[in-house]
Amino acid sequence: MRTSYATGLRCIKCGQAYPKKYLLECSVCKGLLELQYDLEGLARIRPCHLEGLNLWRYAPFLPIENSANFVSLGEGMTPLLFCPRLAEVLGLRELYIKFEGTNPTGTLKDRSSATAVSAALEFGYRATAVVSTGNAGSSLAAYSARAGLYSFIFCYEKGAQPKMAHMGACASELVLYKGGYDDLIKIYDRLMEEEPIFECGASRNPYKQEGKKTIAYEIYEQLGERVPDYFISPVAVGETFIATWRGFNEMKAIGWSDKLPTMVAAQARRANPVALALASRGPLVPQRIGYTIAEGVAVGDPGKKGEWVLRILREAKGLAGDASDEEIIEAQGLLAKTEGIWAGPTGCVTVAVLRDLVAKGAIPCEASVVCLVSETGLKGEYPRIEQEAIEPTLETVRRILQKALDLGSDPKAKGP
Ligand SMILES: *Cc1c(COP(=O)(O)O)cnc(C)c1O
Ligand SMILES: [Zn+2]
């Protein structure tokens, strides 16, 4: 088995082919680039041939040639959790949560950081850079440090404190900026073309996106070599959605699976350009967005990747939905109480959207569903719990215990 079966890059718009190199867009038409693979070679691989329990288990399906360049902090192989109690509340029969919060920096960004930083090494770069609200920055900073590369992390000055502290610790250079993302990004993009830096933003780099494809392969293996009927993915810029769709398609092309899941794009209501465009059957209209609690998906202008997501949704008859901040917070609590999964608001957008689509009958109750929850809840900032503390006396504590236990009608039940 070869290390990588990637053969080169191809423009998704005009089809122009390129050898494997660092290139952010098609030099003919400025279209986005995607990696191409030797599918005949990959078709000879069976899941039982795969080795290792991190992202590099799927090395043949990834673009890094030299295994000396594989960078890892133990990302991937996140749990696929069967969730019967949550399923009952939502009205589903077979629901799994793919929980990305167990990745080394707590989000699915570690998958894309692993392939981006490894590609930077492979192409001989010594520095990486990204503009981030928190998750991408802390992940890229950590993986760059792990690889011995210099990292420039540009972060909005009002990012969440736990994420800023994390970035500050791992980054070579943390640059805080004032104003909005839109103001910085134009200057940043121009400088990235001039300087010898491996750009690790979500909007163009095909090597970065590719790491997220492994989510699809893991789901296939964890479900006992099959794909679900529905797969719910968050959409900010669209990397996760596009990459997992590429993964499911590759598995079909090489004969591992005979079907594809129905793809479902989940967005926050305050940043929902893709969901709106699909519902209105019109073009994608960029939005100027304000605050949403789901800060990891607060993208109003997903650019060319947003168009790509929309094209996939239309061609493959996918679904899209959005959720309000209130619904997202409700989903966060529900996930915690019913299954013990503690995810941040951004991670819960998919659960809130799934709940709505099942209630509307858009997803049938007998379907098998995998819902991606993209981050841990442990990196967020939350309001203080407003609750009076008790006096620690025997009587008070006994009263609390007995009151709760009395509420359980079955005395043999394990608890309330
Ligand atoms: C970045 C991010 C996403 C999705 O972003 P895409 O660009 O659409 O892949 C989802 N959840 C979290 C927590 C993120 O940090
Ligand atoms: Zn092109």
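Being a predicted model, the structure only gives us computed values, none of them experimental.

A. Expanded view of the pairing of strand E5 (residues 94-99). The buried fraction of E5 is high, at five of six residues. With three bridges connecting them, strand E4 (residues 80-82) and E5 associate as antiparallel partners. Paired with Phe82 across the two strands is Tyr96, which belongs to E5. In this sheet, strand E13 (residues 368-373) lies alongside E5 in parallel orientation, the contact comprising six bridges.

B. Here's a closer look at the site of ligand 1. Among the 14 residues in the neighbourhood of ligand 1, the closest are listed as Lys109, Ala236, Gly238, Thr240 and Ser374. In this structure, Lys109 approaches ligand 1 through a side-chain N or O atom, which is 2.8 Å from an oxygen atom. Between ligand 1 and Val237 there is a distance of 3.2 Å, counted from an oxygen atom to a backbone nitrogen or oxygen. Look at ligand 1: alone it shows 390 Å² of surface, and the protein chains cover 97% of it. Taken together, the residues that form the shell around ligand 1 break down as four nonpolar, six polar and four charged.

C. The side chain of Ser132, seen in detail. Looking at the element boundaries, Ser132 is found in strand E6 (residues 127-132). Owing to a relative accessible area of 4%, Ser132 belongs among the buried residues under this scheme. Looking at Ser132, its side chain comes within polar contact range of the main-chain nitrogen of Gly137, at 2.8 Å. Ser132 has contacts with Gly137, Phe154, Cys155 and Tyr156, leaving out every residue within four places of it along the chain.

D. Representation of helix H3 (residues 109-122) within the structure. Helix length check: H3 (14 residues) gives 20 Å between terminal C-alpha atoms against 20 Å at 1.5 Å per residue, within 8%. In terms of burial, H3 is a largely internal element, twelve of the 14 residues being buried. Those residues of H3 not exposed but buried are Lys109, Asp110, Arg111, Ser112, Ser113, Ala114, Thr115, Ala116, Val117, Ser118, Ala119 and Ala120. Following H3 by one or two positions, Gly124 has its phi on the positive side, about 80°.

E. Representation of the confidence of the model for the protein within the structure. Residue-level pLDDT values for the protein average 95, and 98% of them are 70 or greater. When mean pLDDT is taken per element in the protein, E13 scores highest with 99 and helix H6 (residues 181-194) scores lowest with 86.

F. Molecular detail of the pattern of salt bridges. Per the stated rule, a full pass over the model turns up 29 salt bridges. For Arg398, the salt bridge goes to Glu395, with nearest N and O atoms at 3.2 Å. With Arg398 and Glu395 both in helix H14 (residues 394-407) and three residues apart, this pair spans about one turn of that helix. Note on Glu395: relative accessible area 45%, which makes it partly exposed. Taken together, the shared-partner salt bridges in this structure form one network comprising Arg10, Glu34, Glu210, Lys213, Arg246 and Glu250.

G. Highlighting a nonpolar patch on the surface. On the surface, Ile390, Val397, Ile400, Leu401 and Leu405 cluster together to form a nonpolar patch covering roughly 440 Å² of accessible area. As for its position among the elements, Ile390 is in the loop between E13 and H14.

H. Expanded view of the coordination of the zinc ion (ligand 2). Donor atoms from the polypeptide that coordinate the zinc ion (ligand 2) comprise Cys11 (SG), Cys14 (SG), Cys26 (SG) and Cys29 (SG), at 2.3 to 2.4 Å from the metal. Around the zinc ion (ligand 2) sit four donor atoms; with metal-centred angles ranging over 99 to 115°, the donor geometry is tetrahedral.

I. Seen up close, the packing of aromatic side chains. Enumeration over the complete set of coordinates arrives at 16 aromatic pairs. Ring plane angle 5° and centroid distance 4.1 Å describe the contact between Trp56 and Phe70, whose orientation is recorded as stacked. Highlighted residues: Trp56 in the loop between helix H1 (39-42) and E4 and Phe70 in the loop between H1 and E4, separated in sequence by 14 residues. Trp56 sits in the buried class, given a relative accessible area of 9%. Aromatic side chains Phe123 and Tyr207 sit 5.1 Å apart centroid to centroid with 70° between the ring planes, which places their arrangement in the edge-to-face category. On the criterion of sequence distance, the pair formed by Phe123 in the loop between H3 and E6 and Tyr207 in helix H7 (residues 206-210) is long-range, its members being 84 residues apart. Looking at Arg2, its charged tip hangs above the ring of Tyr5, at a distance of 4.2 Å from the centre.

J. Representation of the pairing of E13 in the model. Burial runs high along E13: six of the six residues are buried. Side chains Ser368, Val370 and Leu372 of E13 all project onto a buried face; the interleaved residues Val369, Cys371 and Val373 project onto the opposite face, where all are buried too. Judged from the three bridges that link them, strand E10 (residues 230-234) and E13 form a sheet pairing that is parallel. Each residue of the ladder has a partner; that of Tyr230, found in E13, is Val369.

K. Main features of helix H13 (residues 345-359). With 15 residues, H13 ought to run about 21 Å at 1.5 Å a step, and its terminal C-alpha atoms sit 21 Å apart, in line with that. Burial analysis of H13 places twelve of its 15 residues in the buried class, the great majority of the element. Those residues of H13 not exposed but buried are Pro345, Thr346, Gly347, Cys348, Val349, Thr350, Val351, Ala352, Val353, Leu354, Leu357 and Val358. Taken from the residues just after H13, Gly361 is the one with a positive phi, measuring 85°.

L. Summary view of the packing of H3 against helix H4 (residues 135-147). Closest axis-to-axis distance for the H3/H4 pair is 9 Å, and the angle between their directions is 40°. Compared by their axis directions, H3 and H4 come out oblique. Here H3 and H4 pass one another in a crossing that is right-handed. Every residue of H4 that contacts H3 at Lys109, Asp110, Ser113, Ala114, Val117 and Leu121 is listed here: Asn135, Ala136, Ser139, Leu140, Tyr143, Ser144 and Ala147. Its residues placed into classes, the contact of H3 with H4 shows seven nonpolar, four polar and two charged.

Criteria and thresholds
Residues numbered from 1 in each chain as written. Chains lettered and ligands numbered in written order. Predicted model: local features only at pLDDT ≥ 70, side-chain atom pairs only at ≥ 80, totals over all residues. Heavy atoms only, no water. Buried < 20%, exposed > 50% of the residue type's maximum accessible area, 1.4 Å probe, protein only. Helix = DSSP H or I, 4+ residues; strand = E, 2+ residues; numbered from the N terminus. Pairing = 2+ DSSP bridges. Near = heavy atom within 4 Å. Polar contact = N/O pair within 3.5 Å; in protein donor to acceptor, adjacent residues only side chain to side chain. Areas by Shrake-Rupley, 256 points an atom, 1.4 Å probe, with all protein chains shown as cover. Nonpolar A, V, L, I, M, F, W, Y, C, P; charged D, E, K, R; others polar. Contact = heavy atoms within 4.5 Å. Expected span 1.5 Å × (residues − 1). pLDDT = per-residue confidence, 0-100. Salt bridge = Lys/Arg side-chain N within 4 Å of Asp/Glu carboxyl O. Patch = residues over 30% accessible without salt bridge, like charges linked within 9 Å, V, L, I, M, F, W, Y side chains within 5 Å. Donors = N, O, S within 2.8 Å, 3.2 Å for Na, K, Ca; no water. Tetrahedral: all angles 85-135°; square planar, octahedral: opposite > 155°, others 65-115°. Phe/Tyr/Trp six-rings, centres within 6.5 Å; stacked < 30°, edge-to-face > 60°. Lys NZ or Arg CZ within 6 Å of the ring centre and 35° of its normal. Axes fitted to C-alpha atoms, helices over the stretch in contact; angles between N-to-C directions. Parallel < 35°, antiparallel > 145°, perpendicular 65-115°, else oblique. Left-handed = near helix turned anticlockwise from the far one by under 90°.

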